[in-house]
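# Fold and geometry: a report
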Amino acid sequence: FCFPTYLFMGIYVYYTGKQSPINKIFFSMCLLLAAWAVSAFFLYSAEDIESIILPFKLNLFFILLYFAMNLHFCMYLTLHEKAKPLFFAFLYLPAVILSCANISTFVVFKDFIKVGNYWTFVPATDSVWFFPSLAYIAGCLVFSVFLLFRWGKRARSRRKKRLRSEERRVGKECRSRWSPYH
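All values reported here derive from a predicted model rather than from experimental measurement.

Looking at chain direction, strand S1 (residues 109-115) and strand S2 (residues 118-123) are connected through six bridges and run antiparallel. By the bridge assignment, Asp-111 is partnered in S2 with Val-122. Linking S1 to S2, which pair antiparallel, is a turn of two residues; within it Gly-116 sits at a positive phi near 70°.

Our focus in this paragraph is the layout of surface pockets. Any empty space left between the atoms is revealed when a probe the size of a water molecule rolls over them. Size it by volume and the largest pocket reaches roughly 230 Å³. Taken together, 13 residues form the lining of the largest pocket, with Trp-36, Phe-56, Asn-59, Leu-60 and Phe-109 sitting closest to its centre. Those elements that place two or more of their residues in the lining of the largest pocket are helix H2 (21-44), helix H3 (53-79) and helix H5 (130-178). Its residues assigned to classes, the lining of the largest pocket comprises 12 nonpolar, one polar and no charged.

This brings us to the packing of H2 against H3. Where H2 meets H3, the axes come as close as 9 Å, and the angle between the chain directions of the two elements is 160°. One way to sum up the angle between H2 and H3 is to call them roughly antiparallel. Between H2 and H3 lies a crossing of left-handed hand. When grouped by side-chain class, the residues that make up the contact of H2 with H3 number 23 nonpolar, five polar and no charged.

We now examine the nonpolar core. The biggest cluster of nonpolar side chains holds 36 residues, and the ones touching the most others in it are Leu-64, Tyr-66 and Tyr-136. Among the elements of the structure, H2, H3, helix H4 (85-104) and H5 are those that each provide at least two residues to this core. It is H3 that contributes the most residues to this core, 15 residues altogether. Not counting residues within four places of it along the chain, the set of residues in contact with Tyr-66 comprises Met-29, Leu-32 and Leu-33.

What follows concerns the packing of aromatic side chains. Under the counting rule described, the total for this entry stands at 17 aromatic pairs. Between the aromatic rings of Phe-41 and Phe-42, the centroid separation amounts to 5.3 Å while the plane-to-plane angle is 70°, which identifies the pairing as edge-to-face. Residue class for Phe-41 comes out exposed when judged on its relative accessible area of 54%. Ring centres of Tyr-44 and Phe-121 lie 5.8 Å apart, and the angle between their planes is 75°; this geometry places the pair in the edge-to-face category. Residue Tyr-44 is found in helix H2, and its partner Phe-121 is found in strand S2; the two are separated by 77 residues along the sequence. Assessed through its relative accessible area of 44%, Tyr-44 is described here as partly exposed. An aromatic cluster of at least three residues, connected via ring pairs, comprises Tyr-44, Phe-56, Phe-106, Phe-109, Phe-112 and Phe-121.

The next subject is the pattern of salt bridges. The full count for this structure, using the stated rule, is two salt bridges. Salt-bridge contacts for Glu-47 lead to Lys-114; the nearest nitrogen and oxygen are separated by 3.9 Å. One end of the pair, Glu-47, is in the loop between H2 and H3; the other, Lys-114, is in strand S1, with 67 residues separating them in the sequence. A relative accessible area of 64% means that Glu-47 is categorised as exposed. The shortest N-O distance in the salt bridge between Asp-126 and Lys-110 comes to 3.9 Å. Linking Asp-126 in the loop between S2 and H5 with Lys-110 in strand S1, this pair joins segments that are 16 residues apart in sequence. Here Asp-126 falls in the exposed class, since its relative accessible area comes to 60%. With relative accessibility at 42%, the residue Lys-110 sits in the partly exposed group.

Definitions and limits used
- Residues numbered from 1 in each chain as written.
- Predicted model: local features only at pLDDT ≥ 70, side-chain atom pairs only at ≥ 80, totals over all residues.
- Heavy atoms only, no water.
- Pairing = 2+ DSSP bridges.
- Helix = DSSP H or I, 4+ residues; strand = E, 2+ residues; numbered from the N terminus.
- 1 Å grid on protein atoms, 1.4 Å probe; cavity = no way out; pocket = protein on both sides within 12 Å on 5 of 7 lines; lining within 4 Å.
- Points joined across faces, edges and corners; volume = space filled by probe spheres on them.
- Nonpolar A, V, L, I, M, F, W, Y, C, P; charged D, E, K, R; others polar.
- Axes fitted to C-alpha atoms, helices over the stretch in contact; angles between N-to-C directions.
- Parallel < 35°, antiparallel > 145°, perpendicular 65-115°, else oblique.
- Left-handed = near helix turned anticlockwise from the far one by under 90°.
- Core = buried A, V, L, I, M, F, W, Y, C linked by side-chain atoms within 4.5 Å.
- Buried < 20%, exposed > 50% of the residue type's maximum accessible area, 1.4 Å probe, protein only.
- Contact = heavy atoms within 4.5 Å.
- Phe/Tyr/Trp six-rings, centres within 6.5 Å; stacked < 30°, edge-to-face > 60°.
- Salt bridge = Lys/Arg side-chain N within 4 Å of Asp/Glu carboxyl O.

Shown next as structure tokens:
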């Protein structure tokens, strides 16, 4: 159910404004989530540990890129292209490095145990990549929330200023038209 939903949302937003860079970023985010949903389906429906490895590695690749793209989306939405393209390259670099590290070793989880019909994942806290990957994911999320919160606060203050200036303009108009001292 998740795959068609992500795909539909991405295609719909993309076709509402094909030239808009923010729509293209959102479309890419939806494609990553759709790919993540497919790999998660194969991950959780695997019967043995050998068939879980490839979907797990793909799953982590898609989700790491998603967090980077989520931050990219929030920055583009709130900063309106003030960040340089080189900065965005550095934004995606840790996701690529962690994904490459995940090819050779396990970055976040080191073992998979099937309990009943479900897989349980054992965290790889002894891995060199574990805490940097968690810090990267948490940093992307916290910075995204901070940007959106600041943007919302700034939008409310701009709206209040615009409303106050409109009230002043209407007040001056009323005083100038209906004032007996005019």
